[in-house]
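Examination of the molecular architecture
Okay, here's what each chain looks like letter by letter:
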Amino acid sequence: MDASRKDVAKAKSVRGHRFAGLSVAARLAIGFGVLLVFIVLVGIVGVGGMHRLAGSVNDIVLYNNAKLAYAQAMNSALGDQEKGLLYLVLATSGKEREGAQSKMKFQASQYQDSIKGLQDLFAQAPPSASEKDIVAKILEHEKTVSSLIAKTVALANDRKAETVLKMLRDSVGPALRDWTVDIEELVSIEQRLNDAAVTEAQKDYTWARAFAIASIALAMLVGAVFALLIARSLRRELGGEPAYAAEIAAKIANGDLDVHVQTRPGDSGSLLAAMKEMSEKLAAIVTNVRLASDSVGSAAKQISTGNSDLSQRTQEQASALEETASSMEEMTSTVKQNADNTRQA
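Turning our attention to the overall build of the chain. Per the secondary structure count, the chain includes 7 helices and 0 strands. Listed N to C, the secondary structure of the chain is α-α-α-α-α-α-α in terms of helices and strands. Looking at the chain residue by residue over its 345 residues, the buried ones come to 26%. Across the chain, every contact between residues at least 6 apart in sequence was considered, and the portion connecting residues at least 24 apart equals 77%. As presented, the chain carries roughly 22,800 Å² of accessible surface, and 61% of it is formed by carbon and sulfur atoms.

For helix H3 (residues 94-124), built from 31 residues, the straight-helix expectation of 45 Å at 1.5 Å per residue is met to within 8% by its first-to-last C-alpha distance of 45 Å. By the burial criterion, the buried members of H3 are Arg97, Ala100, Gln101, Met104, Gln107, Tyr111, Ser114, Ile115, Gly117, Leu118, Leu121 and Phe122.

On the surface, a nonpolar cluster with roughly 330 Å² of combined accessible area is contributed by Leu218, Leu221, Val225 and Leu229. Looking at Leu229, the relative accessible area reads 36%, which means it is partly exposed.

Next up on the list: the pattern of salt bridges. Within this structure, the stated rule accounts for 6 salt bridges. Between Asp120 and Lys116 there is a salt bridge, with the nearest N and O atoms lying 3.4 Å from each other. Of this pair, Asp120 and Lys116 are both found in helix H3, 4 residues apart, which corresponds to roughly one turn of the helix. Three or more residues are tied together by salt bridges with common partners; here these are Lys166, Arg169 and Asp170.

By size, the foremost hydrophobic cluster in this structure holds 34 residues, and its most contacted members are Met74, Leu85, Ile138, Leu176, Trp179 and Leu186. Excluding anything up to four places from it in sequence, Leu176 contacts Leu78, Glu82, Leu85, Val145 and Ile149. Judged by nonpolar contacts, the second largest core, of 7 residues, contains Ala245, Ile248, Ile252 and Leu272.

A few words now on the packing of H3 against helix H4 (residues 129-157). One way to put it is that H3 packs onto H4 with a least axis distance of 13 Å and a crossing angle of 165 degrees. The angle between the axes of H3 and H4 places the two elements in the roughly antiparallel class. As H3 packs across H4, the resulting crossing turns out to be left-handed. Between H3 and H4, the contacting residues are Arg97, Gln101, Met104, Tyr111, Gln112, Ile115, Leu118, Gln119 and Phe122 on the first element and Glu131, Val135, Ile138, Leu139, Glu142, Ile149, Val153, Ala156 and Asn157 on the second. Taken together, the residues of the contact of H3 with H4 sort by class into 11 nonpolar, 4 polar and 3 charged.

To continue, consider the confidence of the model for the chain. Of the residues in the chain, 90% reach a pLDDT of 70 or more, and the chain-wide mean stands at 78. Ranking the helices and strands of the chain by mean pLDDT puts H3 first, with 87, and helix H1 (residues 2-20) last, with 49. In the predicted structure, residues 8-16 sits below a pLDDT of 50 and forms 0 contacts with residues beyond four places in sequence or in another chain.

Under the counting rule described, the total for this entry stands at 2 aromatic pairs. Between Tyr111 and Trp179, the ring centres sit 5.2 Å apart and the planes meet at 75 degrees, which makes this aromatic pair edge-to-face. Here Tyr111, found in helix H3, pairs with Trp179, found in helix H5 (residues 161-238); they are 68 residues apart in sequence, far enough to count as distant. The exposure classification of Tyr111 matches that of Trp179, with both residues buried. Taking 5.5 Å as the distance between ring centres and 15 degrees as the angle between the ring planes, the aromatic pair formed by Trp207 and Phe211 counts as stacked. Taken as a pair, Trp207 and Phe211 lie in helix H5 at a separation of 4 residues, close to a single helical turn.

Next up on the list: the packing of H4 against H5. Two elements in contact, H4 and H5, have axes separated by 9 Å at closest approach and are oriented at 155 degrees. When the axes of H4 and H5 are compared, the pair comes out roughly antiparallel. Considering the relative orientation of H4 and H5, their crossing is left-handed. Looking at the contact of H4 with H5 residue by residue, the classes come out as 19 nonpolar, 5 polar and 8 charged.

Turning to the environment of Gln81, a few remarks are in order. Mapped onto the elements of the fold, Gln81 is located in helix H2 (residues 24-90). When the C-alpha atoms of Gln81 and Met104 are compared, they prove to be 5.1 Å apart, with 23 residues separating the residues in sequence. When neighbours within four sequence positions are excluded, Gln81 is seen to be in contact with Met104, Gln107 and Ala108.

Cut-offs applied
Residues numbered from 1 in each chain as written. Predicted model: local features only at pLDDT ≥ 70, side-chain atom pairs only at ≥ 80, totals over all residues. Heavy atoms only, no water. Helix = DSSP H or I, 4+ residues; strand = E, 2+ residues; numbered from the N terminus. Buried < 20%, exposed > 50% of the residue type's maximum accessible area, 1.4 Å probe, protein only. Contact = heavy atoms within 4.5 Å. Areas by Shrake-Rupley, 256 points an atom, 1.4 Å probe, with all protein chains shown as cover. Expected span 1.5 Å × (residues − 1). Patch = residues over 30% accessible without salt bridge, like charges linked within 9 Å, V, L, I, M, F, W, Y side chains within 5 Å. Salt bridge = Lys/Arg side-chain N within 4 Å of Asp/Glu carboxyl O. Core = buried A, V, L, I, M, F, W, Y, C linked by side-chain atoms within 4.5 Å. Axes fitted to C-alpha atoms, helices over the stretch in contact; angles between N-to-C directions. Parallel < 35°, antiparallel > 145°, perpendicular 65-115°, else oblique. Left-handed = near helix turned anticlockwise from the far one by under 90°. Nonpolar A, V, L, I, M, F, W, Y, C, P; charged D, E, K, R; others polar. pLDDT = per-residue confidence, 0-100. Phe/Tyr/Trp six-rings, centres within 6.5 Å; stacked < 30°, edge-to-face > 60°.

Okay, structure coming up:
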């Protein structure tokens with residue numbers, strides 16, 4: 001267990017030294033590069049999410065809501081046609097019958113506009129299988145019921161009330177109800193598709209928001225880690241704050257070699273540690289130079305004193321030599337005189 005911990009600590013130390021071995025520009029470039037990558041990633045995902053969300057909203061507004069509106073308009077037009085048919089049967093005058101038929105024609109045109117609009121949307125955006133099936137049923141009902149309604153109108157105009165009522169009860173009524181049920185099913189399908197599209201859009205928004213928040217949080221975390229690594233590596237290399245290192249360097253440059261440099265315990269490789277060692281060595285060199293200068297001065301003084309003594313002794317010896325020479329001259333004169341006296345005697 002201890003060995004594994006040591007291996008982990010050693011690996012972390014190696015990674016830290018590798019990072020610290022990079023230049024300051026490289027470390028800053030790596031830190032800001034990672035942040036830029038996260039920013040670009042968040043931007044790409046955000047744009048993609050907005051594009052998907054815009055597509056979902058576009059489908060909801062331009063297609064799903066429009067198809068739902070057409071289906072509801074078809075249902076309403078068919079219901080009004082059925083009411084118009086009843087008014088036609090119950091009409092007691094030609095004017096009332098004309099009014100009922102006019103309303104039926106208008107509702108028929110409204111229905112045709114709605115079904116055509118729905119088919120145009122299907123041509124722009126392929127419908128689902130359920131939409132295809134239900135619309136095919138509705139078109140079949142339209143063919144069947146349209147001919148029955150035409151017959152019913154003709155009989156009503158001929159004032160064959162009993163035959164019209166029988167047709168309404170036996171054939172037209174059930175066919176209209178089946179037609180209405182299928183149109184209501186189309187409305188229900190479009191409503192479900194619309195709700196599903198809204199749910200999908202909400203999911204896209206939720207996912208994009210969650211990813212953006214997570215990416216921003218991760219970017220902040222990574223940025224904080226890189227900032228801490230860069231700050232720690234710089235402090236490790238400097239040995240302290242840059243302002244303090246600049247202050248110490250200025251004092252040493254101004255000749256203050258007695259400045260006290262504060263370093264971390266065990267710090268021997270930082271800039272401040274090197275400056276501390278430099279100031280101590282410079283102070284030692286200056287002290288040695290001062291001592292050597294004092295020694296040279298003392299030796300020079302001793303040499304000067306010796307020269308003075310030697311000069312004095314030289315003068316004394318010269319004086320003694322002069323006296324000796326004078327004595328020898330006197331001795332020579334005396335010897336000469338003695339010799340002359342001896343010859344004379």
